[in-house]
Amino acid sequence: MITREWPMYRVVLENLQLLPLLPRFNLKPGFGELSVDEVCRSHGVNTDFFLEIANAYLDELYMPGEGLSLFSLGTMVNYISATHSYYKDIALPSVELKLHRLMEHSRLTEKEINLLTTFFNDYKKDFMIHLSQEEEGILPYVLELEKQAAMEKPDPEFILKLQKYSIREFEQEHDRLETSLKHLSELIIKYLPPFDDLQLCHQVLNDLSALMKDLVDHADVEDKVLIPRVAELERSLLNSVSSG
Amino acid sequence: MRIRSFILVIDSYLARKGMVALLNRIHGLRVLKEFGAKEAFLPYLESRSVDYIVIDQHAFQHWSGLFISNPGLLEKTILLEYAHKEDLVQEVSTSDVKASIHLMEDRDSLIAKIRNLLDRQDRDPESPSLHLSPREITIVRLVSMGLTNREIAEKLFLSTHTVMSHRKNINSKLGIKSISGLTIYAIVNNIITIEEVSSLPAK
């Protein structure tokens, strides 16, 4: 488990899978001897939050602990938005580009190429819809909730809305975006004819696998950390209003 | 497949190490921590997500109070028996545990039992294809061949409305909305071959 005293360069060197996490905190390699805590502070990042996220990312069995109540929902919302940007601006376009290059230099039939292209386009569309629903609906709601909960007299209209809606509803319709990526990998490994550009083929599969893992972790952050905390805040706000 | 986490509460050093060696042969699980019979393992359970506890019968008796007050724990418990059940003074019924294994059981039977346990759980939420009904599988197949709802309805002697409601159920079961997504799903689940897929996926 990573702790605050570790030199940041060692954390990253020994856990290269953390690389995609760094831009979400505006961190770039070139850390020198600075510790995790020093790097975080100098970039205005909450060290405890970084540690919780990094540890959860490295160990799928790590359960974010009580450290989580230490930071604001705003911090989490920022992180989630930064993660979305990483998917939209870096991860998805990169896989897409490689997939297209792979198809160009392949012996796939026109039908197979068509199938893959349509599949990826549709997937990207669904992915974007999913992200924008969160960004336009859920995240602003979470921020507003935190703001209202801090007020002495919360807005009655917001309370009225709160009595009808709970974040738990979102949880029920929370799609798993990684499933289709798994199908795509399986299609390439098992069903399509071999690709000549082996190196590129491996890159595509590695990218897909990294993205899948990232999506699972991200869904965990939302489902196991964000939603329970928001639900708790909803409850306590409603209680305080009804008792006050 | 999600990786299942195990902890062991086994007093005998040899039995404990033997259990670790055995579990390490099984794909899809990880032993997080080992405890002796009287070491308190509850605090650990509260800090980590643990799927299974392999506990020997003496430790099980020692901690029976804990199991009585936390019935949820029994759902995670794999009991390692040393003696015959009748020899035990029982405070908690050992039949309430998730599974039992015996110290004298042979390797293959132990592996099969644990493998079974993991498979049973995997099947529940994560392998959706097993939840599609035969009719739904037929519809996925026809959708992948490029048929419209109306064409599927005619072919299966159903109303278009019924086909649409099947489609809706399929979408929510698989979490796949697009036709191309369903098509790829159908290929990797051997519902259809690439050759049979419609040449121009319908929009």
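The shown structure was predicted, so the numbers you read here are calculated from the model rather than taken from an experiment.

To continue, consider the overall build of chain B. Helix and strand counts for chain B come out as 10 helices and 5 strands. When burial is assessed residue by residue, chain B has 26% of its 203 residues classed as buried. Taking contacts inside chain B between residues at least 6 apart in sequence as the whole, the part at least 24 apart equals 60%.

A tally of helices and strands in chain A yields 9 helices and 0 strands. Overall, chain A shows an N-to-C arrangement of helices and strands of α-α-α-α-α-α-α-α-α. Seen through its C-alpha atoms, chain A measures out along the principal axes to roughly 70 × 50 × 25 Å. Per-residue burial over chain A gives 22% buried out of 244 residues. A separation threshold of at least 6 residues defines the contact pool for chain A, and within that pool the share at least 24 residues apart is 77%.

Before going further, it helps to spend a moment on the domain arrangement of chain A. Residue and element names in this part refer to chain A. Split into domains, chain A comes out as domain 1 (8-66) and domain 2 (73-243). Facing 9 residues of domain 1, the contacting portion of domain 2 comprises 12 residues. Considered class by class, the residues forming the side of domain 1 that touches domain 2 number 7 nonpolar, 1 polar and 1 charged.

At the interface, 22 residues of chain A touch 22 residues of chain B. Secondary-structure elements contributing two or more residues to the side of chain A that touches chain B are α5 (110-150) and α8 (178-191) of chain A. Examining the composition of the side of chain A that touches chain B, we find that 9 residues originate from one element, α5(A), more than from any other. For the side of chain A that touches chain B, the residue count by class is 8 nonpolar, 6 polar and 8 charged.

Below, the discussion takes up the environment of A:Glu134. The residue A:Glu134 is located in helix α5 in this model. Each C-alpha atom of the pair A:Glu134 and A:Ile80 lies 9.5 Å from the other, and the pair is 54 residues apart in sequence.

Residues and elements named next belong to chain B. Within strand β3 (residues 52-56), 5 of the 5 residues are buried, which leaves it mostly tucked inside the rest of the structure. Where strand β1 (residues 4-9) and β3 come together, 4 bridges link them in parallel fashion. Residue Ile 7 lies in a different strand from β3, and its bridge partner there is Ile 53. Where β3 lies against strand β4 (residues 77-81), 4 bridges are found, and the strand directions are parallel. Considered in β4, the bridge of Val 54 is made with Ile 78.

Now for the packing of helix α7 (residues 134-144) of chain B against helix α9 (residues 160-174) of chain B. Residues and elements named next belong to chain B. Two elements in contact, α7 and α9, have axes whose closest approach is 10 Å; the angle formed by their N-to-C orientations is 95°. Judged by the inter-axis angle, α7 sits roughly perpendicular to α9. Packed against α7, whose contacting residues are Arg 135, Glu 136, Ile 139 and Val 140, the element α9 presents Val 163, His 166, Arg 167, Asn 169 and Ile 170 at the interface.

Residue and element names in this part refer to chain B. Note on placement: Leu 142 falls in helix α7. As for Leu 142 and Ser 198, which are separated by 56 residues in sequence, their C-alpha atoms are 9.5 Å apart. Contact partners of Leu 142, with chain neighbours within four places excluded, come to Leu 147, Ile 152 and Lys 155.

Residues and elements named next belong to chain B. Taken together, 5 strands build an open sheet; the order of strands is β2-β1-β3-β4-β5 and the sheet is parallel. For this open sheet the edge positions go to β2 (29-35) and β5 (99-102), each flanked by a neighbour on one side alone. The mean inter-strand angle of the sheet, taken between neighbouring strand axes irrespective of direction, is 20°.

For the rest of this paragraph, the subject is helix α3 (residues 47-58) of chain A. Residues spaced three or four apart along an α-helix face the same direction, because each turn holds 3.6 residues. Over its 12 residues, α3(A) runs 16 Å from end to end, which matches the ideal 16 Å to within 8%, given 1.5 Å per residue. For α3(A), the set of buried residues is A:Phe49, A:Phe50, A:Leu51, A:Glu52, A:Ile53, A:Ala54 and A:Tyr57.

Residues and elements named next belong to chain B. Per-residue confidence for chain B averages 84 on the pLDDT scale, and 87% of its residues sit at or above 70. Element-level mean pLDDT values for chain B span from 75 in helix α6 (residues 107-126) up to 95 in helix α8 (residues 149-156). Contacts of residues 124-130 to residues separated by more than four positions or lying in other chains number 7 contacts, the stretch itself having pLDDT below 50. The ipTM, which scores confidence in the relative placement of chains, is 0.77 for this predicted complex, and the corresponding pTM is 0.71.

Next up on the list: unusual backbone geometry. Within the chain, A:Asn26 stands out as a residue other than glycine whose phi angle is a positive 60°. Relative to the helices and strands, A:Asn26 is located in the loop between α1 (8-14) and α2 (36-42). Take A:Asn26: there are 10 C-beta atoms within 10 Å of it, and that puts it in the exposed class. Its identity as a non-glycine residue notwithstanding, B:Phe157 has a phi of 55°, on the positive side. Mapped onto the elements of the fold, B:Phe157 is located in the loop between α8 and α9. B:Phe157 sits in the exposed class, given 7 other C-beta atoms within 10 Å.

The next thing to look at is the packing of α5(A) against helix α9 (residues 198-243) of chain A. Residues and elements named next belong to chain A. Look at α5 against α9: their axes get within 10 Å of each other, and the N-to-C directions meet at 40°. Every pair of crossing elements has a handedness; the one defined by α5 and α9 is left-handed. For the pair α5 and α9, the contacting residues are Val 142, Leu 145, Glu 146, Gln 148 and Ala 149 in the first and Val 230, Leu 233, Glu 234 and Leu 237 in the second. The residue inventory of the contact of α5 with α9, partitioned by class, reads 6 nonpolar, 1 polar and 2 charged.

Parameters and conventions
Residues numbered from 1 in each chain as written. Chains lettered and ligands numbered in written order. Predicted model: local features only at pLDDT ≥ 70, side-chain atom pairs only at ≥ 80, totals over all residues. Helix = DSSP H or I, 4+ residues; strand = E, 2+ residues; numbered from the N terminus. Buried ≥ 20, exposed ≤ 12 C-beta atoms within 10 Å, placed from the backbone. Contact = placed C-beta atoms within 7 Å. Domains from an automatic or database assignment. Nonpolar A, V, L, I, M, F, W, Y, C, P; charged D, E, K, R; others polar. Pairing = 2+ DSSP bridges. Axes fitted to C-alpha atoms, helices over the stretch in contact; angles between N-to-C directions. Parallel < 35°, antiparallel > 145°, perpendicular 65-115°, else oblique. Expected span 1.5 Å × (residues − 1). pLDDT = per-residue confidence, 0-100. Left-handed = near helix turned anticlockwise from the far one by under 90°.

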